[in-house]
Amino acid sequence: MERSMQKQLYGISRESSPSVRRQSMPASADNTRKSFFGGNHGYSPLSGSLKKTALNNSRLSLSARSTTQSIPGIRSDYNVVESYGHALPVAVNEALTFAGPNANAVSAKITQSGWAWVVQGRRLLIWQYKDAPGTGKIGSPPRMGKHQRRAGTSAQCRELTLPYSDIGHKSELVSVFQTEGQQMASCIAISATGEVRYWASIAHDNNSVDISILTGQEFVQLLSLPIQQGYLAVTSTCTLVFLRVGLTNGRYTLHHKTIKPATSFLGGFGKRFASMLIGMNSGSDRDQLLVGMCCECDTKNGESIVAVLSDRAIQRWRLSNKGNTEQLLYEDVELLRKMREMLLLKFWNVRMPNDNVDIEMHFMDFQLYKGDYYMLVGAVNQAHTPQMYYAIVVASAQQEAMQLECFTPLKLNKFFNSKTAQECLSVRIIVGPSHMYLYTPKVVYPLLLSNSSPAAEIEAEKVEFHLHDDRILSAAICSHLPLFFSRTHGLVSITPGDFDSTDLLNMSSCNTPDIFSPASFNATFSGQDQSILGESSTNLPMFQLDPDDVYSELNNEVGQLKAAFLYKLKRNNNMVNTIITDLMDSINESDQKGAPLDAYKLDRIVITIAEDLAEDLPIADPRWQSAIEEHDGNRHALGSSRSMQIINQLRDKSIALQHFIDFLHHCSVWEKLNAVPCGSNVLKPTSYILSDISEKIVAAMALRTIQSKLPKLVEEAIDITVARWEERPQGSLTTQDIFYVKLCKFQSIFESLADMADDRIVAQNRTSAAVAQFVADINAIVLGILGQVLRFRDQNASSYKAPGTSHENQPWTATPGAAGVHDALIRIIEISVRYAAQCVNETELKHLLYQQILELVDIVLESRKNYLESVRDTEKFQVLQQQFETQRRDLIATLIKERQYECAAKLAEKYLDFPSLIVICDETQDKDRLDEYTRKYEEYDFSQFAINWHLRQQRHAEVFERFKGNQTALAQFMRDHPSLGWIQLIFNGDFERAAKVLYELAQCETEYVARKKSMLSLSKLAAFAAADVDLTSQVEKINFELMIIEYQSHLGHDVLQNFGFDPTDQKVLKVEEIINLFIAEENESATEVEFRKALELLNYVDQPYDLRHKIWCAIIRRDNWIDYDTNNAVDYIHKLLFYKVIELSQLMGQECDSVLPPMDDFLDSAELGELPQHKSFQYLLKLTYEYVGDMFKPAEDMEL
């Protein structure tokens, strides 16, 4: 876990991160340690709570660590990790190494008495890992004790056969003991089903006594009670059974007794009452489940006090008279209720009582140390977020009840669901005199104990067992020393360092050990120390390389840095500093020939070493001998391995590269690294290139592991890849040998896998279940590789953090083209959807495929999102963001199209794809989910986004129906969209305001005349509906506007098209524009009707005089006023459009004087050009005026 995870776990303030993390933690900005964990000579540890360790300014003598050993595969900077006790027996090593598919069923236990055992099926392997019960001085810090370092010879192992059981055996149900004067230890074991077997001597497997007890229940723990001369077994439902070994007539016998309280006040109704007190959700008839059992103390009166913790209560029992007498002292449920209240308060800020908040409490461990009980508890609030939070609870036993002494929340949280539940519940604790050790199967966190109040910030270094097959099987405190049973390394001890890292790095007066290669604290590097290093890394020749030879033979900058690295491994800091100084001077020295300085020289040196390390050949493999001899540089290969097995070769390269990275950090070379050109116009930080190389080694290890499960597929892919590289194996080498050496091109395997899927589809001609299964297998390979890579990336983010400010980071998993796997992943996703998931009917296979597609899409989007975040402050951010959003929409839409709504929803929620979320809610008609998203994403203004989506879909009416319960969102929507605000007013019955709003909207409408007409019509209806208010004036205005729209509707399609207007979706035209279209010369079909309408529109113009003149001039230009028969001039007048317009106006009841302008206006009009100068025009115009005057003279004038 990188430093950021430590911050999350122990409460250190973190830098804010804009991304929603895919279970990945942001890298810390600071790689330097502020404190180390270690005891203080003057400190008297008291149990009770956790605190941050203060710096210890005193320095231990260098010889204090003379027994320290370097253990490859266990990473720790500031804690000393040492092999402990005798080497594991051969039988135990075989049981742990060759467990096969039942590896997880192997369990182990170590005890303070020096005995250890491993349970594999019915095999029980017992050995003594140390000679004496303890060597350290009681009460002294563990680091001062002289621990039993791993001896060269292994201990003797005894193998026993456990009784038959349908349920697998557990190491917790075995006890090994040796009384004073007894030459050989005895053993008692109980199966989960209640079959008990006792061996008086572990040397004789066949000499045993059996008995069956309490059938029908499952036993989970066995506790030795020496004072009572017996054992206490407990079932999963907290039923206690006392076991005793007797000797009758020289034969051993087993006796048992079920322990029950005389009357439990929590029986019957009491169980339900306890459930209510604690706040559990379980049914009242459910049995309580055991968490753990401890023997609190043995009194002078021969009594034993035993505490039993369940998920409902904690019981304290008093046993006496060799187990024949028992008494239930009390059964406390109040403590668990207080724990629940503290969890609610600390993690969700909820104060009791609150019945509406429902949390699940999970107890993971129960330990006793010096009279105090330590409980590790987790809690999940599914209604709030699917995260498990952890806390350490310390309690003490009082006369009548338990007392809560300390509640320490840990800022560790894990995603909790059915798939991750086992991982979340795998956390355990052991408690020592000065430290508590929190551990999982892969990681240990040492925490300092103090009786003072917990500090606000708790910092601990992670001790990681990072080898793939390694895990912690058991842990115990032995002689004040914490011991951990590693599946790969056997027994190891972890003790805190007692030095300040800054002091250590400044110790130039002697060859000090370096932090990442824990060895002995000797002032000189002796041969004995070299042997220790050799034992810890037997397959890595780099520990035996002579840095002097490397420095002299490789006479270049690469050789210099390699030599400095090797000197660092030898702890010769003086030479390291000298070489690094000379190297930096050489790099920064100006060229004598005047060539410009190479700004990327140091970066290229570092990258060259890392790439060579990743592709170094296995030095001990005779098949590579000729290739090794061809190049002298192979003799100084840092990543070479002596192992014959490819998986071990890869692990050795990973270890070697990690040493090199640590070296760059500790020698301050890392801070000097920059970025190098990578592709077109892209600078990639060297730190990220090193991370890519390291990840490819991890990917190769993952592929090699998968190869044992799918050998044909992987081998075929490797063959295709090596052929693509145009490489051919020489001699007895195989394509696999070549592939697992050329790791810098590892990404090619993904393209080969995609090609294999395409080829299989083409060969089958049609998609079948066999093809679908083939694609599923390829997906499993891809996901298996990338899963390990992403896990490694998350755990080591701080180690590869680029120095300085933020940099563009596009890892190889997100890079398109041949340099990355992005394009191959997109291909595999498309193949999985089109040719597998869509074409298979088998439910289970289809579900598997869509789950794989979900994970593949998640990997693609997560990589792209992280890359996008790294360029946030650059010019390319906007373009890349659009590309990301487009790809996000397309990939999620694929799942929506296939109606995989839950898969699509998971991705859309994680990557904030709001359009997809709305589409999912719309297609599933799930209004509740839409409401949930509105609340969940309130900070992103999701409601407005959803409303706008409905508007774009032309579904305006649904907005008010779907969001009627969210008045706040609607109110904001109305403010932002006033064009639709009238709808809410109509719903509220405010017709007056609705009429005014609609009229104002119509006045502002300039785009579509149909929309303006609708608004005016609705405004008119609303005005009529407002019965209590007189809106006559507003109705008149509306009619005025509607008449103009009516005139516009009479415009012909041809004339609109001629002038570039859309005749279907007409825009709103002004009155002047309508008149101009009616009288335009292009309007060839215009008759007196159109010109009459143009004249009528003058009523809607403020200054009509000029427009009336323009209309009549257009009328005149429509006819020939020069060439006509003067003898029949009156008849010709009747044919003139001029006369027809006047006649039509007269018929419509309009006087000629009000229609015709003065005749002189035409005779002086410039718009008629030269026409007024013609005598023929003047004559005909005057004749027309005279004729019209007589023709349409009023009736009273005619009579006169």
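Note that this is a predicted model, so its numbers are computed, not measured.

Asks: How should I be thinking about the overall build of the protein chain in this particular structure?
Replies: The helix and strand tally for the protein chain stands at 41 helices and 32 strands. Taken across its 1200 residues, the protein chain has 53% of its residues classed as buried. Taking as baseline every contact in the protein chain between residues at least 6 positions apart, the subset at least 24 positions apart corresponds to 61%.

Asks: Looking at this model, I keep getting lost on the packing of helix α34 (residues 1088-1096) against helix α35 (residues 1105-1117). Mind explaining?
Replies: A pair of packed helices can be characterised by two numbers: the angle between their axes and the separation between those axes. Running from amino to carboxyl end, α34 crosses α35 at an angle of 170°, the nearest separation of the two axes being 10 Å. Relative to α35, the element α34 is oriented roughly antiparallel. Where α34 approaches α35, its residues Phe1091, Ala1094 and Leu1095 are matched on the opposing element by Arg1108, Ile1111, Trp1112, Ala1114 and Ile1115. Tallied by class, the residues present in the contact of α34 with α35 amount to 7 nonpolar, no polar and 1 charged.

Asks: What is the right way to read the sheet that holds strand β22 (residues 385-397) from this model?
Replies: Picture the strands of a sheet paired through backbone hydrogen bonds; they go either parallel or antiparallel. What the 4 strands build is an open sheet, ordered β20-β21-β22-β23; its pairing is antiparallel. Whereas interior strands pair on both sides, the edge strands pair on one side only; in this sheet they are β20 (360-369) and β23 (402-415). On average, adjacent strands in this sheet sit at an angle of 20° to one another, irrespective of strand direction. As judged from the 9 bridges shared by β20 and strand β21 (residues 372-381), these two strands associate in the antiparallel manner. Looking across to β21, one finds that Tyr369 is bridged to Asp372.

Asks: How should the packing of aromatic side chains be read in this particular structure?
Replies: Each aromatic ring pair is characterised by the separation of its centres together with the angle its planes make. Evaluated as defined, the whole model comprises 30 aromatic pairs. A ring pair is formed by Tyr437 and Phe484, whose centres lie 5.9 Å apart and whose planes are at 70°; its orientation type is edge-to-face. One end of the pair, Tyr437, is in strand β25 (residues 435-439); the other, Phe484, is in strand β29 (residues 481-486), and 47 residues separate them in sequence. Residue Tyr437 is classed as buried on the basis of its relative accessible area, which comes to 2%. Three or more aromatic residues link up through ring pairs in this structure, and these residues are Trp725, Phe739, Tyr740, Phe746, Phe750 and Trp812. The ring centre of Phe774 lies 4.0 Å from the NZ or CZ of Arg760, which sits over that ring.

Asks: For this particular structure, what's the right way to read the packing of helix α14 (residues 686-707) against helix α15 (residues 711-724)?
Replies: As a packed pair, α14 and α15 sit with axes 8 Å apart at the nearest point and diverge in direction by 135°. The angle between the axes of α14 and α15 places the two elements in the oblique class. Listed contacts from α15 to Leu703, Ile706 and Gln707 of α14 are Pro711, Val714, Glu715 and Ile718. Split by residue class, the contact of α14 with α15 holds 5 nonpolar, 1 polar and 1 charged.

Asks: How should the sheet that holds strand β6 (residues 123-128) be read in this particular structure?
Replies: Pairing is antiparallel in the open sheet, where 4 strands are placed in the order β4-β5-β6-β7. Looking at the sheet topology across the chains shown, the edges are occupied by β4 (107-110) and β7 (157-161). With strand direction ignored, the average angle separating the axes of adjacent strands in the sheet is 15°. Here β6 pairs with β7 via 5 bridges, running antiparallel. Pairing of Arg123 across the sheet is with Thr161, part of β7.

Asks: Help me understand the pattern of salt bridges, please; the structure alone is not making it clear to me.
Replies: One pass over the structure, following the stated rule, counts 32 salt bridges. Salt-bridge contacts for Lys170 lead to Glu218; the nearest nitrogen and oxygen are separated by 3.5 Å. Note that Lys170 is positioned in the loop between β7 and β8 (174-177) and Glu218 in the loop between β11 (208-212) and β12 (219-225), a separation of 48 residues in sequence. Lys170 sits in the partly exposed class, given a relative accessible area of 29%.

Asks: How should I be thinking about the environment of Pro685 in this particular structure?
Replies: Residue position: Pro685 is located in strand β32 (residues 683-685). Judged by its relative accessible area of 2%, Pro685 falls in the buried class. Residues Pro685 and Ala802, spaced 117 residues apart in sequence, show a C-alpha to C-alpha distance of 6.7 Å. Leave out the neighbours within four places in its chain, and Pro685 touches Asn674, Ala675, Ala802, His807 and Glu808.

Asks: Is there a simple way to think about unusual backbone geometry in this case?
Replies: Residues other than glycine seldom take positive phi values, yet His480 does so here, at roughly 65°. Here His480 lies in the loop between β28 (472-478) and β29. You will see that Arg571, though not glycine, has its phi angle at about 65°, which is positive.

Asks: Quick question: what am I supposed to make of helix α33 (residues 1071-1079) here?
Replies: An α-helix turns once every 3.6 residues. As a result, residues three or four positions apart point the same way. Taken residue by residue, α33 has Val1071, Ile1074, Ile1075, Leu1077, Phe1078 and Ile1079 as its buried positions. Residues of α33 that are buried sit in contact with α31 (1032-1049), α32 (1053-1058), α34 and α35.

Asks: When you look at the state of the cysteines in this model, what are you seeing that I'm missing?
Replies: Disulfide: a covalent bond connecting the sulfur atoms of a pair of cysteines. Enumeration according to the criterion identifies 0 disulfides in this entry. The cysteine Cys294 is free of any disulfide, with Cys295 supplying the nearest cysteine sulfur at 8.8 Å. Residue class for Cys295 comes out partly exposed when judged on its relative accessible area of 24%.

Asks: Is there a simple way to explain the nonpolar core in this structure?
Replies: Of all hydrophobic cores here, the largest spans 143 residues; its most connected members are Met542, Phe660, Phe663, Phe746 and Phe750. Here Met542 is in contact with Phe565, Leu566, Leu569, Leu638, Ala656 and His659, once residues within four sequence places are set aside. Counting residues in each nonpolar core, the second largest holds 51 residues, with Ile1044, Tyr1100, Ile1142 and Leu1180 among its members.

Asks: Hey, could you run me through the environment of Val879 in this one?
Replies: Tracing the backbone through its elements, the reader meets Val879 in helix α21 (residues 877-897). The class for Val879 is partly exposed, based on a relative accessible area of 47%. As a C-alpha pair, Val879 and Leu868 span 11 residues in sequence and 9.9 Å in three-dimensional space.

Asks: How should helix α19 (residues 822-834) be read in this particular structure?
Replies: With 13 residues, α19 extends 19 Å between its outermost C-alpha atoms, agreeing within 8% with the 18 Å of an ideal straight helix rising 1.5 Å per residue. Among all positions of α19, only His822, Ala824, Leu825, Ile826, Ile828, Ile829, Ile831, Ser832 and Val833 are buried.

Asks: Hey, could you run me through the side chain of Gln1066 in this one?
Replies: Along the polypeptide, Gln1066 turns up in the loop between α32 and α33. Once residues within four sequence positions are removed from consideration, Gln1066 is found in contact with Glu1007, Tyr1008, Val1009, Gln1048 and Leu1056.

Asks: When you look at the side chain of Gln1034 in this model, what are you seeing that I'm missing?
Replies: Secondary-structure assignment places Gln1034 in helix α31. Sequence-distant contacts of Gln1034, defined by excluding residues within four places in its chain, comprise Ala995, Lys996, Tyr999 and Ser1019.

Asks: Would you mind showing me how to read the pairing of β12 here?
Replies: On a regular strand, one side chain projects to one face of the sheet and the next to the other, so that they alternate. Burial within β12 is extensive, with 6 of its 7 residues counted as buried. Bridge analysis of β12 against strand β13 (residues 230-235) gives 6 bridges, and the strand direction is antiparallel. Its bridge partner lying in β13, Leu222 is registered against Ala233.

Asks: What's the story with the environment of Ala203 in this structure? I'm lost.
Replies: Assignment of secondary structure puts Ala203 in the loop between β10 (195-199) and β11. Accessibility expressed as a relative area gives 31% for Ala203, which makes it partly exposed. Taking the C-alpha atoms as reference points, Ala203 and Met184, 19 residues apart in sequence, are found 7.2 Å from one another. With sequence-adjacent residues up to four places away left out, Ala203 is seen in contact with Arg158 and Met184.

Asks: Just checking my understanding: could you explain the pairing of strand β14 (residues 240-248) for this structure?
Replies: With 5 bridges connecting them, β13 and β14 associate as antiparallel partners. Bridge assignment links Tyr231 to a residue of β14, and that residue is Leu243. Between the end of β13 and the start of β14, which pair antiparallel, lie 4 residues, with Cys238 showing a positive phi angle near 70°. Sheet topology places β14 next to strand β15 (residues 251-259); 9 bridges connect them, and they run antiparallel. Bridging across to β15, Val241 finds its partner in Thr258. Two successive antiparallel strands, β14 and β15, enclose a turn made up of 2 residues, where Asn249 displays a positive phi of approximately 55°.

Asks: Looking at this structure, I do not really get a negative patch on the surface. What am I missing?
Replies: The grouping of Glu715, Glu716, Asp719 and Asp759 at the surface amounts to a negative patch. Among the elements that make up the negative patch, the one with the highest residue count is α15 (3 residues). Looking at where Glu715 falls in the secondary structure, it is placed in helix α15.

About the cut-offs
Residues numbered from 1 in each chain as written. Predicted model: local features only at pLDDT ≥ 70, side-chain atom pairs only at ≥ 80, totals over all residues. Heavy atoms only, no water. Helix = DSSP H or I, 4+ residues; strand = E, 2+ residues; numbered from the N terminus. Buried < 20%, exposed > 50% of the residue type's maximum accessible area, 1.4 Å probe, protein only. Contact = heavy atoms within 4.5 Å. Axes fitted to C-alpha atoms, helices over the stretch in contact; angles between N-to-C directions. Parallel < 35°, antiparallel > 145°, perpendicular 65-115°, else oblique. Nonpolar A, V, L, I, M, F, W, Y, C, P; charged D, E, K, R; others polar. Pairing = 2+ DSSP bridges. Phe/Tyr/Trp six-rings, centres within 6.5 Å; stacked < 30°, edge-to-face > 60°. Lys NZ or Arg CZ within 6 Å of the ring centre and 35° of its normal. Salt bridge = Lys/Arg side-chain N within 4 Å of Asp/Glu carboxyl O. Disulfide = S-S within 2.5 Å. Core = buried A, V, L, I, M, F, W, Y, C linked by side-chain atoms within 4.5 Å. Expected span 1.5 Å × (residues − 1). Patch = residues over 30% accessible without salt bridge, like charges linked within 9 Å, V, L, I, M, F, W, Y side chains within 5 Å. Areas by Shrake-Rupley, 256 points an atom, 1.4 Å probe, with all protein chains shown as cover. Lys, Arg positive; Asp, Glu negative; His and termini not counted. Charge placed at Lys NZ, Arg CZ, Asp CG, Glu CD.

Worth remembering: the numbers are spatial, not functional.
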